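Geometric and topological summary
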Amino acid sequence: MLGSLCYNRCMLIRENVPIAALTTMRLGGPAKFVLEIRNNDDVVAAYDFAKERNLSTWVMGGGANTIGLDAGFEGAILLNRANGIEVISENDTELIVKCQGGEIWDNVVRFACERGYSGIEAMSLIPGTTGAAPVQNIGAYGQEVSQVIVNVDAYDTKTRQFVMLEKSEMDLGYRHTRFNVGADKDRFFITAVTLRLKKAHMQPPFYTSLQAYLDEQEIKDYSPMTIRTAVCAIRESKLPDPEKVASAGSFFKNVYVEKDEIAEVEAKGVPVRREANGRGKVNAGWMVEQCGLKGKELYGFRVNDKAALVLINEKAKSYADLAKARAEIVEKVKNKFGLTLEQEPVEIPVKE
Ligand code: EPU
């Protein structure tokens, strides 16, 4: 049930909103307040609102990588709904665009591809907003947002100032950044992201599944729009559309093993891909599949039959069911391969 509506300095504020209604996994009890942010004034007003009421805050974009707990959230969820894509500069070789944090990520990808710029085309159809992209350093099919980020504009909740952070200040790694790990986790509200894109084509060899698709379709033109179309086709065939099917995309992270552990893991029959830095990457989806879980139902969730890393919420209503499903998958993988899967989506703590 949606709570009452009221307005504070033109900002939409709702009370007692189920987190399930705000997130693509469709789980989670009520958030005490939900505030919709449309501009920088709203950002300040929202943090003032929370401070006056001694509430903790939680920033959310599209809710595509966020899980709510059954007890909900006793604070204020700040929804970033500031839209817009602004061309900062454009010439024969590159485009610099500043995207508002609430802009749908895929709109930015389409915008770039339509103008023939490369850098994010392989990240087509990743659900969610642009402000969330640097938080977990989104990536797909060989591209990562870290490769194209110039800087972000953000509100620093510690100093209560608007700041600009350069890429070098973000500590960007695989699904790991200054924004989601460590002392500065949840410190910044990202208001805008500036990207540098190139008039170029991606070059083969491509990421395995993308290469296979291009070969199969005999595609030899690697323009950004062609790659976008291919990636959309692959994703649509494997990954559920979060608008129609409840899920949070990849539910587990791929597993990275240190150089000196690779041999031991391979001895268990696990394929390990060597990364440039010497570490090994293990496909979590492969392990889940090898445990016989692909397509299986667990406590109202279904392990996606096309990509085993994705957990679909078919009929579960509670986080407790998710916890049981997760424990079963993690345990099976641990027993078979000795590796521990980690959940990818973040969880909103009931109290900060
Ligand atoms: N695989 C299997 N069985 C499966 C799934 C995967 O054997 O059920 C193996 C296959 O060998 C396949 C390989 O794993 O070739 C890689 O699979 P896929 O290309 O589907 O990618 P992924 O590693 O499962 C990651 C991202 C996805 C992203 C794709 C494409 C993570 C946690 N996930 O998945 O991101 O779209 O690569 O680049 O890194 C997301 O974060 O929500 C997400 C969907």
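Nothing here was measured: the structure is a model prediction, and the numbers come from that model.

A few words on the overall build of the chain. Tallying secondary structure elements over the chain gives 7 helices and 21 strands in all. Over its C-alpha trace the chain gives a radius of gyration of 21 Å, about what one expects of a compact globule, namely 20 Å for 352 residues. Taken along the three principal axes of its C-alpha coordinates, the chain extends 60 × 55 × 40 Å. Each of the 352 residues in the chain was classed as buried or not, and the buried ones make up 51%. Partitioning the contacts of the chain with sequence separation of at least 6, the portion at a separation of at least 24 is 60%. Of the roughly 16,200 Å² of accessible surface on the chain, a fraction of 49% belongs to carbon and sulfur atoms.

This part takes up the sheet that holds strand 7 (residues 85–90). With respect to topology, 5 strands assemble into an open sheet ordered 7-8-13-11-12, the strand pairing being antiparallel. Strands with a single pairing partner mark the edges of an open sheet, and in this sheet they are strand 7 and strand 12 (161–166). The mean angle between the axes of side-by-side strands here comes to 20 degrees, regardless of whether they run parallel or antiparallel. By the bridge criterion, 7 bridges tie strand 8 (residues 94–100) to strand 13 (residues 188–198) in an arrangement that is antiparallel.

Here we have 3 strands laid out as an open sheet, ordered 15-17-16, and antiparallel in their pairing. Edge positions in the sheet fall to strand 15 (255–257) and strand 16 (273–274), since each has one partner strand and no second.

Within the structure, the ligand sits among 23 residues, and Y141, Y174, S250, E289 and A308 are positioned closest to it. R235 places a polar side-chain atom, nitrogen or oxygen, 3.0 Å from an oxygen atom of the ligand. A distance of 2.8 Å is found between an oxygen atom of the ligand and a backbone nitrogen or oxygen belonging to S250. Starting from 810 Å² of accessible surface for the ligand in isolation, the protein chains cover 82%. Breaking the shell around the ligand down by element, the ones donating at least two residues are helix 4 (224–238), strand 14 (247–250) and helix 6 (284–290). Among the elements that take part in the shell around the ligand, helix 6 stands out by supplying 3 residues, more than any other. When its residues are assigned to classes, the shell around the ligand shows 10 nonpolar, 6 polar and 7 charged. Taken domain by domain, the makeup of the shell around the ligand includes at least three residues from each of domain 2 (85–198) and domain 3 (243–348).

So, about the nonpolar core. Grouped together as the largest cluster of nonpolar side chains are 41 residues, with contacts concentrated most on W105, I120, V145, L195, L197 and L210. Sorting the residues of this core by element identifies strand 8, helix 2 (105–114), strand 11 (149–156), strand 13, helix 3 (208–216) and helix 4 as the ones contributing at least two each. Ranked by residues supplied to this core, first place goes to helix 2 with 6 residues. Residues within four places of V145 in sequence aside, it is in contact with W105, M123, A133, P134, N137, I138 and L195. In this structure, V257, V282, C291 and Y319 belong to the second largest nonpolar core, which totals 35 residues.

Turning our eyes to something else, we now look at helix 1 (residues 40–52). The first and last C-alpha atoms of helix 1 sit 19 Å apart over 13 residues, in line with the 18 Å expected at 1.5 Å per residue. Of all the positions in helix 1, only D42, V43, A45, A46, Y47, F49 and A50 are classed as buried. The N-cap of helix 1, judged by a side-chain oxygen 3.1 Å from the amide nitrogen of D41 a few residues on, is N39. Looking one or two residues past helix 1, N54 carries a phi angle of roughly 55 degrees, positive in sign.

Here we come to the domain arrangement of the chain. When its domains are assigned, the chain resolves into domain 1 (4–80), domain 2 (85–198) and domain 3 (243–348). On the side of domain 2, 14 residues touch domain 1, which itself brings 15 residues to the contact. Our count for the contact surface shared by domain 1 and domain 2 stands at 1 salt bridge. D48 is the salt-bridge partner of R160, the closest N and O atoms lying 3.4 Å from each other. Of all the secondary structure elements, the ones that give two or more residues to the side of domain 1 that touches domain 2 are helix 1, strand 4 (57–60) and strand 6 (73–80). The element best represented in the side of domain 1 that touches domain 2 is helix 1, accounting for 6 residues.

With 97% of its residues at a pLDDT of 70 or more, the chain shows a mean pLDDT of 95. Taken together, the stretch residues 1–7 has pLDDT below 50 and engages in 19 contacts with residues farther than four places along the chain or on a different chain.

Right, let's get into the pairing of strand 6. Judged by how many residues are buried, strand 6 sits mostly within the fold: 7 of 8 residues are covered. In this structure, strand 3 (residues 30–37) lies alongside strand 6, joined through 6 bridges in parallel fashion. Bridging from a neighbouring strand, A31 pairs with F73 of strand 6. Here 4 bridges tie strand 4 to strand 6, and the two strands are oriented parallel to one another. Each bridged residue has a counterpart across the sheet, and for T57 the counterpart in strand 6 is A76.

Rules used throughout
- Residue indices follow the written sequence of each chain, beginning from 1 at its first position.
- Only residues with pLDDT of at least 70 are given local features in this predicted model, and only at 80 or more are side-chain atom pairs given and counted; all residues enter the totals for whole chains, interfaces and linings.
- Each side-chain value is derived from all of the structure's non-hydrogen atoms; neither hydrogens nor water enter the calculation.
- Each helix corresponds to a stretch of at least 4 residues labelled H or I by DSSP, and each strand to a stretch of at least 2 residues labelled E; elements are numbered beginning at the N terminus.
- The atom set for the radius of gyration is the C-alpha atoms, and the globule formula is 2.2 Å times the number of residues raised to the power 0.38.
- Buried, partly exposed and exposed residues are distinguished by accessible area as a fraction of the type maximum, computed with a 1.4 Å probe on protein chains only: under 20%, between the cut-offs, and over 50%, respectively.
- By definition, residues are in contact when any of their heavy atoms lie within 4.5 Å.
- Note on areas: Shrake-Rupley, 1.4 Å probe, and residue coverage restricted to the protein chains presented here.
- Strand pairing requires that DSSP identify at least two bridges connecting the strands.
- Only the stretch in contact is used when fitting a helix axis, every axis being a line fitted to C-alpha atoms; angles between N-to-C directions are given from 0 to 180 degrees.
- Each residue is tested against the molecule or strand, and it is near if at least one of its non-hydrogen atoms lies within 4 Å.
- Pairing of N or O atoms within 3.5 Å defines a polar contact, subject to two protein rules: one partner must be a possible hydrogen donor and the other a possible acceptor, and residues neighboring in sequence count only if both atoms are side-chain atoms.
- By the convention adopted, Pro, Cys, Tyr, Trp, Phe, Met, Ile, Leu, Val and Ala count as nonpolar, Lys, Arg, Asp and Glu as charged, and the other residues, Gly among them, as polar.
- Domain boundaries shown here were taken from an automatic or database domain assignment.
- Definition used in this section: a nonpolar core is a set of buried Ala, Val, Leu, Ile, Met, Phe, Trp, Tyr and Cys residues joined via side-chain atoms within 4.5 Å.
- Expected helix span is computed as 1.5 Å times (number of residues minus one).
- One side-chain nitrogen of Lys or Arg within 4 Å of one carboxyl oxygen of Asp or Glu is enough to make a salt bridge.
- Confidence scores per residue from the predictor, reported as pLDDT, run from 0 to 100.

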